[in-house]
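Each chain, written out:
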Amino acid sequence: MTTKATYTLTGTDLQLTYAAASGDLEIVLGDTFSFNGAHRLQSTPADHEPGTGSVLTGTIEHRSVGRGGPIVHTAQVTVYLPDAPEPDSAAVELAATGALVLAYPEAGGDAAPQYQAVALTGTLTVPAAAPAGRF
């Protein structure tokens, strides 16, 4: 993955933006998710085989108030993205697909976690490379 790529993808009731240069991953979940709202994560791709895409992981929290006080729920996020081409003399914008998986672990660990997966489509933008040579 080139470090200057920007991914802008959407899925059912979900928007995702990932800036590879800064590692900023923003996920906006709609009402069909129990963790609805905007979530910002810092994520760098996990080690993987070249040419197989990138995998980003992170944790999001959802806070609510119960009778006994605040309740914090967590979900593990895994995002699968395609590899970006290396920058060339001209900027490129390509169609891109990916996937997002949320795992909701149970508090006591007695039950298997629940999963929610969403297919993503959108664009992958790679800016032009800086011109080489002497000035």
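Described below are features of the structure shown in this document. (Residues numbered from 1 in each chain as written. Predicted model: local features only at pLDDT ≥ 70, side-chain atom pairs only at ≥ 80, totals over all residues. Heavy atoms only, no water.)

A separate point is the overall build of the protein. Of the regular secondary structure elements, the protein holds zero helices and eight strands. In the protein, the order of α-helices and β-strands from amino to carboxyl end is β-β-β-β-β-β-β-β. Each of the 135 residues in the protein was classed as buried or not, and the buried ones make up 30%. When the accessible surface of the protein is totalled, it reaches about 8200 Å², and 53% of it is carbon and sulfur. (Helix = DSSP H or I, 4+ residues; strand = E, 2+ residues; numbered from the N terminus. Buried < 20%, exposed > 50% of the residue type's maximum accessible area, 1.4 Å probe, protein only. Areas by Shrake-Rupley, 256 points an atom, 1.4 Å probe, with all protein chains shown as cover.)

A few words now on the nonpolar core. With 28 residues, the main nonpolar core has L14, L16, I27 and L100 as its most contacted residues. Mapped onto this core, the elements with two or more residues apiece are β1 (6–11), β2 (14–19), β3 (24–29), β5 (54–66), β6 (69–81), β7 (92–104) and β8 (114–126). Setting aside anything within four residues of it in sequence, one finds I27 in contact with L14, Q15, L16, G37, A38, H39, L41, V77 and L100. (Core = buried A, V, L, I, M, F, W, Y, C linked by side-chain atoms within 4.5 Å. Contact = heavy atoms within 4.5 Å.)

Our focus in this paragraph is the sheet that holds β2. Hydrogen bonding along the main chain pairs the strands of a sheet, whether they run parallel or antiparallel. As summarised here, the arrangement of the eight strands in space is β4-β3-β2-β1-β8-β7-β6-β5, forming an open sheet in which the pairing is antiparallel. Because the sheet does not close on itself, it has two edges, and the strands there are β4 (37–42) and β5. Strand-to-strand twist in this sheet, taken as the mean axis angle between neighbours without regard to direction, amounts to 20 degrees. Across six bridges, β1 lies against β2 in antiparallel orientation. Within β2, the residue paired with Y7 across the bridge is Y18. (Pairing = 2+ DSSP bridges. Axes fitted to C-alpha atoms, helices over the stretch in contact; angles between N-to-C directions.)

So, about the pairing of β3. Remember that side chains alternate between the two faces of the sheet whenever the strand is regular. Side-chain alternation along β3 places L25, I27 and L29 on a buried face and D24, E26 and V28 on a face that remains uncovered. Taken together, the six bridges between β2 and β3 define a ladder with antiparallel strand orientation. The residue bridging Y18 from the neighbouring strand is L25, located in β3. Between β2 and β3, which pair antiparallel in sequence order, lie four residues; one of them, G23, sits at a positive phi of approximately 80 degrees. Bridge count between β3 and β4: six bridges; the pairing is antiparallel.

This part is about the packing of aromatic side chains. In this description, a pair of aromatic rings is defined by centroid distance and the angle of the planes. Enumeration according to the criterion identifies two aromatic pairs in this entry. Pairing F35 with Y104 gives two aromatic rings, centres 5.4 Å apart and planes at 50 degrees, and the pair type is tilted. Here the residue F35 occupies a position in the loop between β3 and β4, and Y104 occupies one in strand β7, the gap between them amounting to 69 residues. By relative accessible area, which is 11% here, Y104 ends up buried. (Phe/Tyr/Trp six-rings, centres within 6.5 Å; stacked < 30°, edge-to-face > 60°.)

A separate point is unusual backbone geometry. Phi at D13 is positive, roughly 60 degrees, even though this residue is not glycine. Assignment of secondary structure puts D13 in the loop between β1 and β2. Taking relative accessible area as the criterion, D13 reaches 34% and is therefore assigned partly exposed.

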